[in-house]
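So the chains spell out like this:
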Amino acid sequence: MNNGPGICPDCRRRVLWTRTLPGATTPGGKRLAVDPTPHPEGNTAVRRDGTTAWVSRRVTEQQPLMGYERLHMPHPATCPNQQEQLPLQLPQNVVRLDRRRTPRGRS
Ligand SMILES: [Zn+2]
């Protein structure tokens, strides 16, 4: 099982594969890709377990970020190819420029 730096299969960007720790609402043990660089607005605490495995967990009020963890953005929140499953990401008033092509072929 891959763990550590890798590539997102959807957008081919660099990600960090982690194993999720059990949380208050999640069983843990899943794979989660996070963006490779820490992000102050992320919601996922990432640390190295021992020397090899990268583990992550959801930061909550009851379980805030610890000094040995870094805050990362979960990659599904930023992946351009996974946004269709997450319609909450785009505000209503965003205009998609790719639908506004100018007609070609006028003579
Ligand atoms: Zn991706």
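Note that the coordinates shown come from a computational prediction; the quantities given were computed from them, not determined experimentally.

Enquirer: Explain the environment of N3 here, please?
Expert: In this fold, N3 is placed in the segment before β1 (4-7). Judged by its relative accessible area of 31%, N3 is partly exposed. Among the polar contacts listed, one links the side chain of N3 to the backbone nitrogen of W54, at a separation of 2.5 Å.

Enquirer: What am I meant to see in unusual backbone geometry here?
Expert: Leave glycine aside and you will find that most residues have negative phi; peptide bonds, for their part, are mostly trans. Even without being glycine, R12 reaches a positive phi, approximately 65°. Looking at the element boundaries, R12 is found in the loop between β1 and β2 (14-20). Given a relative accessible area of 61%, R12 falls into the exposed group.

Enquirer: What am I meant to see in the coordination of the zinc ion here?
Expert: Ideal values for angles at a metal depend on the geometry: 109.5 degrees with four tetrahedral donors, 90 or 180 degrees with six octahedral donors. Coordination sphere of the zinc ion, protein contribution only: C8 (SG), C11 (SG), H75 (NE2) and C79 (SG), at 2.1 to 2.4 Å. Classification of the site at the zinc ion as tetrahedral follows from its four donor atoms and the range of 102 to 122° in their angles at the metal.

Enquirer: Help me understand the packing of aromatic side chains in this model?
Expert: Each aromatic ring pair is specified by the distance between its two centres and by the angle formed by the two planes. Counted according to the given criterion, the structure contains zero aromatic pairs. In this structure, R31 is placed above the aromatic ring of W17, and the distance from its NZ or CZ to the ring centre is 4.0 Å.

Enquirer: Would you mind going over the pattern of salt bridges with me for this structure?
Expert: Pairs can form between side chains of opposite charge whenever their charged atoms are close. Counted under the stated rule, the structure contains three salt bridges. A salt bridge links D49 to R19, with the shortest nitrogen-to-oxygen separation between them at 3.7 Å. Of this pair, D49 sits in strand β4 (residues 44-49) while R19 is found in strand β2, placing the two residues 30 residues apart along the sequence. The partly exposed category is assigned to R19, whose relative accessible area is 30%. Here R57 and E69 are joined by a salt bridge, their closest N and O atoms 2.7 Å apart. Separated by twelve residues along the polypeptide, R57 in strand β5 (residues 53-58) and E69 in the loop between β5 and β6 (70-72) bring together distant segments of the chain.

About the thresholds
Residues numbered from 1 in each chain as written. Predicted model: local features only at pLDDT ≥ 70, side-chain atom pairs only at ≥ 80, totals over all residues. Heavy atoms only, no water. Helix = DSSP H or I, 4+ residues; strand = E, 2+ residues; numbered from the N terminus. Buried < 20%, exposed > 50% of the residue type's maximum accessible area, 1.4 Å probe, protein only. Polar contact = N/O pair within 3.5 Å; in protein donor to acceptor, adjacent residues only side chain to side chain. Donors = N, O, S within 2.8 Å, 3.2 Å for Na, K, Ca; no water. Tetrahedral: all angles 85-135°; square planar, octahedral: opposite > 155°, others 65-115°. Phe/Tyr/Trp six-rings, centres within 6.5 Å; stacked < 30°, edge-to-face > 60°. Lys NZ or Arg CZ within 6 Å of the ring centre and 35° of its normal. Salt bridge = Lys/Arg side-chain N within 4 Å of Asp/Glu carboxyl O.

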